[in-house]
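Listed below, chain by chain, are the residues.
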Amino acid sequence: MLDLKLNLKTPGLFVTATDTAVGKTIVSCAIAHALLSQSPQDRIAAFKPLASECDLIDGEYVNPDTAALHHFTNKRHPLTTINPVRFVPPLAPGVASAEANEPVNWNAVRDAIQLIDQDSDKIIVEGAGGLLVPLDGENPHITVLDLAAAMGYPVLIVTRATLGTLNHTSMTIRLLQERGLKVAGIVMNHYQGGFTADDPSIALNRAWLEKMNGIPIITEMPAAAPELVTPNLGRIDSKILDHAASINWSTYFAASKPLV
Ligand SMILES: Nc1ncnc2c1ncn2[C@@H]1O[C@H](COP(=O)(O)OP(=O)(O)OP(=O)(O)O)[C@@H](O)[C@H]1O
Ligand SMILES: C[C@H](N)[C@H](N)CCCCCC(=O)O
Ligand SMILES: [Mg+2]
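Residues numbered from 1 in each chain as written. Chains lettered and ligands numbered in written order. Predicted model: local features only at pLDDT ≥ 70, side-chain atom pairs only at ≥ 80, totals over all residues. Heavy atoms only, no water.

Section: helix α1 (residues 24-38)
- With 15 residues, α1 extends 21 Å between its outermost C-alpha atoms, agreeing within 8% with the 21 Å of an ideal straight helix rising 1.5 Å per residue.
- Of all the 15 residues making up α1, twelve are buried; the element is thus mostly covered by neighbouring parts of the structure.
- For α1, the full list of buried residues reads Lys 24, Thr 25, Ile 26, Val 27, Ser 28, Cys 29, Ala 30, Ile 31, Ala 32, Ala 34, Leu 35 and Leu 36. (Helix = DSSP H or I, 4+ residues; strand = E, 2+ residues; numbered from the N terminus. Expected span 1.5 Å × (residues − 1). Buried < 20%, exposed > 50% of the residue type's maximum accessible area, 1.4 Å probe, protein only.)

Quick look at the site of ligand 1
- Around ligand 1 sit 18 residues, and of these Thr 20, Lys 24, Thr 25, Asp 65 and Ala 224 come closest.
- Residue Lys 24 places a side-chain N or O atom 2.8 Å away from an oxygen atom belonging to ligand 1.
- Side-chain polar atom of Asn 189 to a nitrogen atom of ligand 1: 2.9 Å apart, as the coordinates give it.
- Calculation on ligand 1 without its partners gives an accessible area of 630 Å², and the protein chains cover 83% of this total.
- More than half of the atoms belonging to ligand 1 lie within 2 Å of the grid points that define the largest pocket. (Near = heavy atom within 4 Å. Polar contact = N/O pair within 3.5 Å; in protein donor to acceptor, adjacent residues only side chain to side chain. Areas by Shrake-Rupley, 256 points an atom, 1.4 Å probe, with all protein chains shown as cover. 1 Å grid on protein atoms, 1.4 Å probe; cavity = no way out; pocket = protein on both sides within 12 Å on 5 of 7 lines; lining within 4 Å. Sits in = over half its atoms within 2 Å of the grid points.)

A closer look at the pattern of salt bridges
- Scanning all chains against the criterion turns up ten salt bridges.
- In this structure, the salt-bridge partner of Lys 48 is Glu 126, at a minimum N-O distance of 3.1 Å. Of the two residues, Lys 48 sits in the loop between β2 (44-47) and β3 (50-52) while Glu 126 sits in strand β7 (residues 122-126), which places them 78 residues apart along the sequence.
- One salt bridge in this structure joins Arg 76 and Asp 119, with 3.5 Å as the shortest N-O distance. Remark: Asp 119 occurs in the loop between α5 (106-118) and β7 and Arg 76 occurs in the loop between α2 (64-72) and α3 (79-82); sequence separation between them is 43 residues.
- Assessed through its relative accessible area of 29%, Arg 76 is described here as partly exposed.
- For Asp 119, a relative accessible area of 28% gives the class partly exposed.
- Members of the salt-bridge network, linked through shared partners, are Lys 48, Asp 65 and Glu 126. (Salt bridge = Lys/Arg side-chain N within 4 Å of Asp/Glu carboxyl O.)

With respect to the UniProt feature "active site" (unreviewed entry) in the protein
- When the UniProt feature table is mapped to this numbering, "active site" (unreviewed entry) covers Lys 48.
- Overall, the relative accessible area of 4% leaves Lys 48 in the buried class.
- For Lys 48, the contacting residues outside a window of four places in its chain are Asn 63, Asp 65, Thr 66, Leu 69, Ile 82, Asn 83, Pro 84, Glu 126, Gly 127 and Ala 128. (UniProt positions renumbered as here; feature names shortened; annotations may be inferred. Contact = heavy atoms within 4.5 Å.)

Structural notes on the site of ligand 2
- All residues adjacent to ligand 2 are Thr 20, Ser 52, Glu 53, Pro 90, Leu 91, Ala 92 and Val 133.
- Contact between ligand 2 and Glu 53: a nitrogen atom at 2.9 Å from a side-chain N or O atom of the residue.
- When ligand 2 sits alone it has 390 Å² of accessible area, and the protein chains cover 66% of it.
- In this structure the site holding ligand 2 corresponds to the largest pocket.
- When grouped by side-chain class, the residues that make up the shell around ligand 2 number four nonpolar, two polar and one charged. (Nonpolar A, V, L, I, M, F, W, Y, C, P; charged D, E, K, R; others polar.)

Put into C-alpha cells, the structure is as follows:
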C-alpha cells in the first residue's frame, strides 16, 4: 500500500505499458505535442515520478525519458520537478534503490506532483516499465500499480501490436480493473524494436483485444525509422506526431480519485 495523501485538482492521465520499452515515452510526448497543437494556451505538464537509467551529461545525471517529457511540454517545469526520484543504472527503480541502498523519497514525489498540480491544465504521468515493476528497495511489494492507485488518474496502456500482446495486455487490464482503476484505453504501438518478422497476429490482435476485454483501442501508432526518433533531444518523426494530433486526447483525462 502506498498512500501519498494526494488531493490533486488537475485532470491527468497515467501512461503505463505491458513491459519496458513498449513506447510509453514516445506516446506520452506525442500526446503532449497533440494537446499543445490543439489548444496552444493549455498548460500541459508531464511527470515521471521515478526513473532509472541516466546518462552523464555535462557532469549531471539526466534520465532520457525526463529530458523527452521536458522538451515536449515546452520545458515548463525543471527536470527535477518532472522527475523527483532517479537512479543511474537501467534497473527497475526498486531494484536500483536496493542496489544503491537508497530508499525512495516519497515526500519528494508528493511535493513535485503537488507543485505541478498548482500551475497546469493537464498532467501526463509516465510510469516505469509495466504495472508490477517494484519501485522501492525497502519494500518490494510497492509497485507501479500502487503508484497509479495513489495518483488516481485513468490509466492508458501502451501495448505491442505483435504476437504475445493478447496475454500481456489482458493481464494488464485485469490488474487495473481488480484494483478499481479506470482504464482509459489502449494505444497499440507498431514499433517492433527495429526488426520485422512475418507475424500474422498483427492484423488480428486489435479485434481480439477488443473482443476479449471490451476496452477501446484508441489508436494504432505507426512505427518510424529509429534515426528519426530521439525524443530526449526533442525530435519525434512527424509521422508519429501528425498521427497523434488527429486524436482528441483531452477526453481521456480525468480528475484524480486516489484509491488509498
Ligand atoms: N512508433 C515508434 N517508432 C519508432 N521508434 C519507436 C516507436 N515507439 C517506440 N520507439 C523506440 O523504441 C524505444 C522504446 O520506446 P520508449 O522509450 O517510448 O519505451 P518506454 O515504454 O517508455 O520504456 P521505459 O520502460 O524504459 O520507460 C525507444 O528507443 C523509442 O524511440
Ligand atoms: C530501465 C528502464 N528504462 C525502465 N525505466 C525500468 C524497467 C524495469 C523493468 C523491470 C522488469 O519488468 O523486470
Ligand atoms: Mg519511458
